[in-house]
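# Geometric and topological summary
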Amino acid sequence: MAESTGQGVGRDELATLKLLALDGALDEPTKVSCADLGDRLDASNQTASRRLQRLEDAGFLSRDMVSDGQEVELTGDGERRLQSEYADYRRIFEADASVDLTGVVTSGMGEGRHYITLPGYMEQFIERLGYEPFAGTLNLELTAESVRKRARMSAIEPVTIEGWEDDERTYGPAYCYPASIEGSDGEYEPAHVIAPERTHHGEEQLEVIAPEKLREVLELADGDEVIVHVSE
Ligand SMILES: Cc1cc2nc3c(=O)[nH]c(=O)nc-3n(C[C@H](O)[C@H](O)[C@H](O)COP(=O)(O)O)c2cc1C
Ligand SMILES: Nc1ccn([C@@H]2O[C@H](COP(=O)(O)OP(=O)(O)O)[C@@H](O)[C@H]2O)c(=O)n1
Ligand SMILES: [Mg+2]
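The rules behind each value
Residues numbered from 1 in each chain as written. Chains lettered and ligands numbered in written order. Predicted model: local features only at pLDDT ≥ 70, side-chain atom pairs only at ≥ 80, totals over all residues. Heavy atoms only, no water. UniProt positions renumbered as here; feature names shortened; annotations may be inferred. Helix = DSSP H or I, 4+ residues; strand = E, 2+ residues; numbered from the N terminus. Polar contact = N/O pair within 3.5 Å; in protein donor to acceptor, adjacent residues only side chain to side chain. Contact = heavy atoms within 4.5 Å. Near = heavy atom within 4 Å. Areas by Shrake-Rupley, 256 points an atom, 1.4 Å probe, with all protein chains shown as cover. Nonpolar A, V, L, I, M, F, W, Y, C, P; charged D, E, K, R; others polar. Patch = residues over 30% accessible without salt bridge, like charges linked within 9 Å, V, L, I, M, F, W, Y side chains within 5 Å. Salt bridge = Lys/Arg side-chain N within 4 Å of Asp/Glu carboxyl O. Pairing = 2+ DSSP bridges. Axes fitted to C-alpha atoms, helices over the stretch in contact; angles between N-to-C directions. Expected span 1.5 Å × (residues − 1). Buried < 20%, exposed > 50% of the residue type's maximum accessible area, 1.4 Å probe, protein only. Arc of directions from axis to C-beta.

As recorded in an unreviewed UniProt entry, the protein goes by the name Riboflavin kinase, listed as coming from Haloarcula taiwanensis. The UniProt entry for the protein carries the following text under Pathway (unreviewed entry): "Cofactor biosynthesis; FMN biosynthesis; FMN from riboflavin (CTP route): step 1/1."

See below:
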């Protein structure tokens, strides 16, 4: 049994996914033959076929049967899985990883304020980030390209804010990535992209914290575009 790397796929499936991407299946439906794939993976035809099936079941691949074989294309999740692998290699080989993400300012659920000001988090922010964050998170809706690029943040070492508990419940950890925020009115730092482990938002929402209210200092309103430069 292959070692699991999450979402039901193992190392072997990941190697298969990489070969398919090298063949062009990231950009368009690409013809594959299990015999050829098996040869290149040093595995049997049946093994190659099983790996394709697992990748499809995991949602990393879409497949179309055509008269003389099959065409495959990586899904968004498939691309993100490879991006995250790529980010690991960047982390290994590149000293100063950075990523620029673009998004528009949006209003969230009004919960950021509550979480940021809980003493169990606030004390850690002050100690580990070196500033007392403004009470809330600036929410950005990322462009489709930035949603994909977001995985590259894993090449950057975050400041970890640990989970904690009170009498009533437990609170999850959160990871803070150093960043500067560029609006049309100028650039602001220090700031951090905050990624709570437990969140109600999907990958398209980015939350940012800073010592000041960014809507005021950068004169931002819903719909304004900002660029977040994330780097160590
Ligand atoms: C520091 C921090 C810790 C959080 N911890 C939790 C948590 O333990 N459980 C949870 O359901 N949501 C947690 N959240 C996430 C919020 O529920 C929510 O996803 C988001 O931060 C709300 O942002 P918004 O009000 O800006 O839309 C946390 C958020 C932050 C900023
Ligand atoms: N550093 C920060 C943090 C939050 N904010 C804003 O402060 C308000 C409170 O944050 P919040 O996270 O509780 O609210 P929503 O993001 O859910 O709208 C929101 O309007 C945020 O956009 C800001 O301008 N600068
Ligand atoms: Mg917020």
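Once you've had a look at it, read on.
What follows is about the UniProt feature "domain: Riboflavin kinase" (unreviewed entry) in the protein. Here the UniProt-annotated "domain: Riboflavin kinase" (unreviewed entry) positions come out as residues 105-230. With 21% helix and 37% strand, residues 105-230 has its two end C-alpha atoms placed 17 Å apart.

It is worth spelling out the side chain of Arg63 at this point. Its location among the elements puts Arg63 in strand β2 (residues 61-66). A polar side-chain atom of Arg63 sits 2.9 Å from a polar atom in the side chain of Gln70. Once residues within four sequence positions are removed from consideration, Arg63 is found in contact with Leu52, Gln53, Glu56, Gln70, Glu71 and Val72.

Here we come to the site of ligand 2. For ligand 2, the set of nearby residues contains 16 residues, the closest of which are Gly110, Arg113, Asn139, Leu214 and Arg215. Within the backbone of Gly110, an N or O atom sits 2.6 Å from an oxygen atom of ligand 2. Within the contact set of ligand 2, an oxygen atom lies 2.9 Å away from a backbone nitrogen or oxygen of Thr137. The protein chains hide 90% of the 520 Å² of surface that ligand 2 would expose on its own. Of all the secondary structure elements, the ones that give two or more residues to the shell around ligand 2 are α5 (112-117), β5 (138-142) and α8 (214-217). Partitioned by chemical class, the residues of the shell around ligand 2 number 5 nonpolar, 7 polar and 4 charged.

In this section: a nonpolar patch on the surface. Taken together, the side chains of Tyr89, Ile92 and Phe93 present a nonpolar region at the surface, about 390 Å² in accessible area. Position of Phe93 among the secondary structure elements: in helix α4 (residues 76-93).

Further remarks concern the sheet that holds β2. If you walk across this open sheet you meet the 3 strands as β1-β3-β2, and the pairing is antiparallel. Both outer strands of the open sheet, β1 (30-32) and β2, are each paired with one neighbouring strand and no more. When the angles between neighbouring strand axes are averaged without regard to direction, this sheet yields 35°. Two strands pair when backbone bridges link them, and β1 and strand β3 (residues 69-74) are joined in this way by 3 bridges, in the antiparallel orientation. Counterpart to Lys31 in the pairing with β3 is Glu71. On the sheet, helix α3 (residues 45-57) packs against β1, β2 and β3 and is oriented at approximately 125° with respect to β2.

Moving on to α3. Taking 1.5 Å of rise per residue, the 13 residues of α3 would be expected to cover 18 Å, and the 19 Å separating its terminal C-alpha atoms lies within 8% of that figure. Among the residues of α3, those classed as buried are Thr47, Ala48, Arg51, Leu52 and Leu55. For α3, the angular spread of the buried residues around the axis is 140°, confining them to a single face. In α3, the exposed positions angled more than 90 degrees off the buried face are occupied by Gln46 and Asp57. Against the buried residues of α3 lie α1 (11-22), β1, α2 (34-41), β2 and β3.

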